[in-house]
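Summary of structural features
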Amino acid sequence: MDHVQSSWKEDTVLGQLHNSVDNVTFAVGQALTNPSDRAIQNAEDMIERANRSVKMALESRGELEPISQLQEQLRQSVEKFNTIQ
């Protein structure tokens with residue numbers, strides 16, 4: 001794999017992870033604002049997807065600073081979500 005492909009793949013992995021974490025932040029915000037069964041389930045689903053994305057990013061790219069930052073953002077969102085459970 002050449003450098004361009006490697007860089008593109010890394011950007012794609014980080015982009016998907018970033019989107020997953022953003023989705024969690026949004027879903028948790030919605031669940032905190034309106035803790036309906038549907039909003040809570042949506043947040044749980046988004047958290048599960050983001051956790052898988054973090055795992056895949058760590059496996060494919062290793063411990064990169066952007067991944068660590070997104071992992072920390074996800075952890076904070078999960079902590080907030082846990083306050084409504």
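Relevant structure appears above.
All figures in this text were calculated on a predicted structure; none of them were measured in a lab.

**With respect to helix α2 (residues 37-61)**
In this model α2 runs 36 Å from its N-terminal to its C-terminal C-alpha over 25 residues, within 8% of the 36 Å that 1.5 Å per residue would give. Within α2, burial applies to Ala-39, Ile-40, Ala-43, Met-46, Ile-47, Ala-50, Ser-53, Val-54 and Ala-57. In the stretch just after α2, Gly-62 is the one whose phi turns positive, near 85°.

**Structural notes on helix α3 (residues 65-82)**
The end-to-end C-alpha distance of α3, which contains 18 residues, comes to 26 Å, matching closely the 26 Å that a straight helix rising 1.5 Å per residue would cover. Three or more residues of α3 are buried, namely Ile-67, Leu-70, Leu-74, Ser-77 and Phe-81. Considered in projection along α3, the buried side chains sweep an arc of 85° and stay on one side of the axis.

**Quick look at the environment of Asp-22**
For Asp-22, the position within the fold is in helix α1 (residues 3-33). Note: C-alpha distance between Asp-22 and Leu-74 (52 residues apart in sequence) is 8.5 Å.

The rules behind each value
- Residues numbered from 1 in each chain as written.
- Predicted model: local features only at pLDDT ≥ 70, side-chain atom pairs only at ≥ 80, totals over all residues.
- Heavy atoms only, no water.
- Helix = DSSP H or I, 4+ residues; strand = E, 2+ residues; numbered from the N terminus.
- Expected span 1.5 Å × (residues − 1).
- Buried < 20%, exposed > 50% of the residue type's maximum accessible area, 1.4 Å probe, protein only.
- Arc of directions from axis to C-beta.

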